[in-house]
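# A structural walkthrough
Residues per chain, in single letters:
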Amino acid sequence: MSIDIDTARKVAKLARIRVEEDQLPALATELSGILGFMEQLNEVDVEGVEPMTSVTPMRLRRRADQVTDGNIQSRILKNAPDTREGFFAVPKVVE
Amino acid sequence: MMTNANELTIAAARDALRKGELSATDLTMACLTAMDAGDGLNAYVHKTPEIALEQARAADARIKGGDAPDLCGIPLGIKDLFCTKGVPSQAASKILNGFRPEYESTVTAKLFDAGAVMLGKLNMDEFAMGSSNETSCYGNAINPWRRGNDETALTPGGSSGGSAAAVAADLCLAATGTDTGGSIRQPAAFTGIVGIKPTYGRVSRWGIVAFASSLDQAGPMTKSVRDAAIFLGAMAGHDPKDSTSADLPVPDFEAALTGDIRGKKIGIPREYRMEGMPAEIEKLWTDGIAMMKDAGAEIVDISLPHTKYALPAYYVIAPAEASSNLARYDGVRYGHRAKLAQGDGITEMYEKTRAEGFGPEVQRRVMIGTYVLSAGFYDAYYNRARRVRALIKRDFDQVFAAGIDAILTPATPSAAFGLGEMASADPIQMYLNDVFTVTVNLAGLPGISVPMGLDRQGLPLGLQLIGRPWEEGDLLNHAHVLEQAAGFVAKPAKWW
């Protein structure tokens, strides 16, 4: 499966990573190379094999549905690039 | 009494501290001095001498009081992937520039509760994605080992390259590492130290920056197998904050080091005999087999038929999980946010922030992961890789069910290579570094790298032992036997 420039543009968009138009051909070639390496997986007979979801056959433990923490607004906001009035601030989303 | 306390093993330092022959403060001072003198290795990226001295003083008081766990007063380096409260923790990425966690990872909290001393944070590949420490936003960490008198700077391996360099150069007694595809074991082999990746679930992942959650596991990087046993005991254990951490008792790993492996069955997988394997690695392996046999183990040829598909499966699964995990770096809650132009909206903010904040290898993997998870390709790539992963695990399950106790393989396909030597190679050439280690992560097993000797150029080489799930004690005992037989004591000549 080889990746063309349109697909590379689409993948970058989905990944929310800006890639300049003149970088797209190189990206497409690189991604194609890596996917080519993965094509080997098509040699394997996986008929009847379930995709692995957990490497250890343990049941995930559930915790009680209880509030155990809170009232730490200033600590949560402390590392944010921009905050206003106790909220994370971002560029305008709705006009 | 001793010349350089920073050169001690954990075991020796522990005994000296308890006997009162050494104080934690003096030991810490020796390490801080070595750390500062080791700047040429670029192993430490955030130094924390004040925290270290405060912890050392507390440790001295505790030792005096007779209440001293094994790690009490032991100076350690911490990989930058671990969140440490109030101390920069940025996974060697620009996108986490300035991030100071408001919380402590479970592993570092346990270490500090045990009285351990943190000297600083250690260099690594960005988000642990790399095998040479060359993707770090801090620049390369450098291997203290050189090819004889050749001054070419070599890689300490990756992703835990700073940890490996710091331990090998005695800039700490031991260090934490993490291993998603070989990131503890490969750098350990490249620097002549011991590194163990525990069974998936043995050590809590809480507070460790996530790369690929189904594969990530933290472990110790140390100067001896005994140290690995002591250190692992302090890191391991159930954590309610990590739902994948196992609720199993942590055995006394050090007590498992009996040195007796008579009657144990050691599997030698034929698929690990790769074409084009350097003769020296081949010989190392043959020698290791002979050592196990001399110790009374039975050598058994085994087959792990899906080995060849481990790397391609890994390079689907790990990027897929990474693309999800790294979605959180969006310039909103922490770290870097790009400067925006007039009229830029939130999408431009995300796209510019991530383009500026992530390095090329991280961008590549996030995009590969995005692609293999996208509509239309999910089954063809991601689900197929997960099915192959099930087969890789089944290969191991079958040999263990047939009575194999441990599996012996090379740790890496080569010795440490020169920094920059792989720059023009395509990414897959770099991925091949993980060829012997990645199967272990896919199957969730414990694996340990043990230094065995030097190659013709004077660089260390290691072998890997793979154990049964949750049997780290038994695995460490096998490694201990190998370590004793190999008698590796070489140290890099100090040039830094």
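Residues numbered from 1 in each chain as written. Chains lettered and ligands numbered in written order. Predicted model: local features only at pLDDT ≥ 70, side-chain atom pairs only at ≥ 80, totals over all residues. Heavy atoms only, no water.

Identification of chain A as Aspartyl/glutamyl-tRNA(Asn/Gln) amidotransferase subunit C from Szabonella alba is taken from an unreviewed UniProt entry. The Subunit (unreviewed entry) field of the UniProt record for chain A holds the comment "Heterotrimer of A, B and C subunits." The Sequence similarities (unreviewed entry) comment attached to chain A in UniProt states, word for word, "Belongs to the GatC family." (UniProt positions renumbered as here; feature names shortened; annotations may be inferred.)

### Focus on the state of the cysteines
Residue and element names in this part refer to chain B. This model, assessed by the stated rule, comprises zero disulfides over all chains. This cysteine, C31, is not joined by any disulfide, and C172 carries the nearest cysteine sulfur, 7.0 Å off. Using a relative accessible area of 0% as the deciding quantity, one classes C31 as buried. Residue C137 stays outside any disulfide, its sulfur separated by 15 Å from that of C83, the closest cysteine. (Disulfide = S-S within 2.5 Å. Buried < 20%, exposed > 50% of the residue type's maximum accessible area, 1.4 Å probe, protein only.)

### Structural notes on the pairing of strand β11 (residues 460-467) of chain B
Residue and element names in this part refer to chain B. Taking burial as the measure, the eight residues of β11 include eight buried ones, the bulk of the element. Residues P460, G462, Q464 and I466 of β11 are buried on one face, and the alternating residues L461, L463, L465 and G467, pointing to the opposite face, are buried as well. Where strand β9 (residues 406-410) lies against β11, five bridges are found, and the strand directions are antiparallel. Residue pairing for β11: L408 is matched across the bridge by L465. Taken together, the seven bridges between strand β10 (residues 447-454) and β11 define a ladder with antiparallel strand orientation. Pairing of I448 across the sheet is with L465, part of β11. Between the antiparallel neighbours β10 and β11 lie five residues, among them G458 with a positive phi of about 90°. (Helix = DSSP H or I, 4+ residues; strand = E, 2+ residues; numbered from the N terminus. Pairing = 2+ DSSP bridges.)

### Here we look at the environment of B:D70
Residue and element names in this part refer to chain B. Positionally, D70 belongs in the loop between α3 (49-64) and β2 (75-79). The exposure class assigned to D70 is partly exposed, which follows from its relative accessible area of 28%. Here the alpha-carbon distance between D70 and F231, two residues 161 residues apart in the chain, equals 8.3 Å. Dropping the residues within four chain positions of it, D70 is found in contact with R14, R18, I230 and E254. Within the structure, D70 has its side chain in polar contact with the side chain of R14 (distance 3.3 Å). A distance of 2.9 Å separates polar atoms of two side chains, one belonging to D70 and the other to R18. (Contact = heavy atoms within 4.5 Å. Polar contact = N/O pair within 3.5 Å; in protein donor to acceptor, adjacent residues only side chain to side chain.)

### A word on the packing of aromatic side chains
Residues and elements named next belong to chain B. Inspection of every chain in the model, using the stated rule, returns 17 aromatic pairs over all chains. Centre to centre, the rings of F127 and Y329 are 5.0 Å apart; their planes meet at 50°, and the pair counts as tilted. With F127 in the loop between β3 (117-122) and α5 (161-168) and Y329 in the loop between α9 (310-325) and α10 (346-357), this residue pair connects regions lying 202 residues apart in the sequence. Taking the relative accessible area as the measure of exposure, F127 reaches 1% and is therefore buried. Ring plane angle 90° and centroid distance 5.9 Å describe the contact between F190 and F417, whose orientation is recorded as edge-to-face. Of this pair, F190 sits in helix α6 (residues 185-191) while F417 sits in the loop between β9 and α13 (427-431), placing them 227 residues apart in sequence. Taken as a pair, F190 and F417 share a single burial class, namely buried. Cation over ring: R146 sits above W495, and NZ or CZ is 3.8 Å from the ring centre. One Lys or Arg, K241, reaches over the ring of W206 and ends 3.9 Å from the middle of that ring. (Phe/Tyr/Trp six-rings, centres within 6.5 Å; stacked < 30°, edge-to-face > 60°. Lys NZ or Arg CZ within 6 Å of the ring centre and 35° of its normal.)

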